[in-house]
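# Architecture and fold: a report
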Amino acid sequence: MATIKLAPSILTADFGRLADEARAAEAGGADLLHLDVMDGQFVPVITFGPLVVEAIRKATELPLDIHLMIVEPERQIAAFAELASTINVHIEVSPHINRTLDGIRKLGARCGVCINPGTPVSAIEESLAEVDQVMVMTINPGWGGQQMIPRQLDKVRRIRELIDEGGYGAEIMIDGGVKVANAALCAQAGAHTLVCGSSVYNREASVAESLARLRAAVERV
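Okay, so let's go over this structure.

The rules behind each value
Residues numbered from 1 in each chain as written. Predicted model: local features only at pLDDT ≥ 70, side-chain atom pairs only at ≥ 80, totals over all residues. Heavy atoms only, no water. Helix = DSSP H or I, 4+ residues; strand = E, 2+ residues; numbered from the N terminus. Buried < 20%, exposed > 50% of the residue type's maximum accessible area, 1.4 Å probe, protein only. Polar contact = N/O pair within 3.5 Å; in protein donor to acceptor, adjacent residues only side chain to side chain. Contact = heavy atoms within 4.5 Å. Arc of directions from axis to C-beta. Phe/Tyr/Trp six-rings, centres within 6.5 Å; stacked < 30°, edge-to-face > 60°. Pairing = 2+ DSSP bridges. Axes fitted to C-alpha atoms, helices over the stretch in contact; angles between N-to-C directions. Salt bridge = Lys/Arg side-chain N within 4 Å of Asp/Glu carboxyl O.

This part covers the side chain of Thr-60. Inspection of the secondary structure assignment puts Thr-60 in the loop between α2 (50–59) and β3 (64–69). Looking at Thr-60, the relative accessible area reads 3%, which means it is buried. Only 2.7 Å separates the side chain of Thr-60 from the side chain of Glu-26, close enough to count as a polar contact. Filtering out sequence-adjacent residues up to four positions away, Thr-60 remains in contact with Ala-22, Glu-26 and Leu-33.

In structure tokens form, the structure reads like this:
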């Protein structure tokens, strides 16, 4: 099995020390950083926009994985494209998803499609050949620190089968409730990248210690 990538989510980091938190993830061995952009419409919470992402970009060399939890994401992708390695948009708010994905790629970023727990796999099936990444939400989006919905791993398995059968190059990212106790299950289901929020940024251990524990859990698979 290929090495699983770990993507700390700054949603549960100390927002008063974001630059330090980003540098701690890089020093601790993270593979990329996951940034949740929320607009208070698609999800109830408002987080931050391009200016904060730009500040984080200056603080770390890690690739930035931008998760647009916003309505009309096609209107905002240009603001993030130069800052991001990957821009992910939700199928639930993107009726012309392939056009949006093509727009992201033309701006020079990798493109990803996100799917919520209540959305069937069939909603993204026609886009699998067009994306670099599929983000499977294993919680209902909006808040960090939630518990994973275990049955969503069945969705990961189905998507992995479709990707393999089609010979597509898309990777699978799992976002929501990833912990040391379930990280191996995520890897076994077919994930390539795990978003880790409160399992990395917490009061129980340092960022480096938390990442090491997660790394050890997936390396046992």
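Now for helix α1 (residues 18–27). Because each turn of an α-helix spans 3.6 residues, side chains separated by three or four positions end up pointing in the same direction. Residues Leu-18, Glu-21, Ala-22 and Ala-25 constitute the buried set of α1. Summarising the axial view, the buried residues of α1 lie within an arc of 100°, below the 170-degree limit, and thus occupy one face. Of the surrounding secondary structure, the elements contacted by the buried residues of α1 are β1 (5–8), β2 (33–38), α2 and α7 (207–219). Positive backbone phi, approximately 100°, marks Gly-29, located one or two places after α1.

Along helix α6 (residues 180–189), the residues that are buried comprise Asn-182, Ala-183, Cys-186, Ala-187 and Ala-189. The buried side chains of α6 occupy one side of the element, clustering within an arc of 155° when seen end-on. Of the surrounding secondary structure, the elements contacted by the buried residues of α6 are α5 (152–166), β7 (171–175), β8 (193–196) and α7. In the stretch just after α6, Gly-190 is the one whose phi turns positive, near 125°.

By the definition in use, this model includes 1 aromatic pair. For the pair Phe-15 and Phe-48, a centre-to-centre distance of 6.0 Å together with 50° between the ring planes defines the contact as tilted. Here the residue Phe-15 occupies a position in the loop between β1 and α1, and Phe-48 occupies one in the loop between β2 and α2, the gap between them amounting to 33 residues. Judged by relative accessible area, which is 40%, Phe-15 ranks as partly exposed. The exposure class assigned to Phe-48 is buried, which follows from its relative accessible area of 8%.

Turning our eyes to something else, we now look at the sheet that holds β7. Overall, parallel pairing links the 8 strands, which are arranged β1-β8-β7-β6-β5-β4-β3-β2 in an open sheet. Both outer strands of the open sheet, β1 and β2, are each paired with one neighbouring strand and no more. Here the strands of the sheet are splayed against their neighbours by 25° on average, with no regard to which way each runs. When β1 meets β8, the two strands line up parallel, connected through 4 bridges. The residue of β8 that forms the bridge with Pro-8 is Cys-196.

Evaluation of the coordinates by the stated rule reveals 11 salt bridges. Linking Arg-105 and Asp-132 is a salt bridge whose minimum nitrogen-to-oxygen distance equals 3.4 Å. With Arg-105 in helix α4 (residues 97–106) and Asp-132 in the loop between β5 (110–115) and β6 (133–137), this residue pair connects regions lying 27 residues apart in the sequence. By relative accessible area, Arg-105 is classed as partly exposed at 35%. By relative accessible area, Asp-132 is classed as partly exposed at 21%. Arg-110 is paired through a salt bridge with Glu-171; the nearest N and O atoms lie 4.0 Å apart. In this pair, Arg-110 sits in strand β5 while Glu-171 sits in strand β7, placing the two residues 61 residues apart along the sequence. What makes Arg-110 partly exposed here is its relative accessible area of 27%. What emerges from the salt-bridge pattern is a single network uniting Arg-17, Asp-20, Glu-21 and Arg-23.

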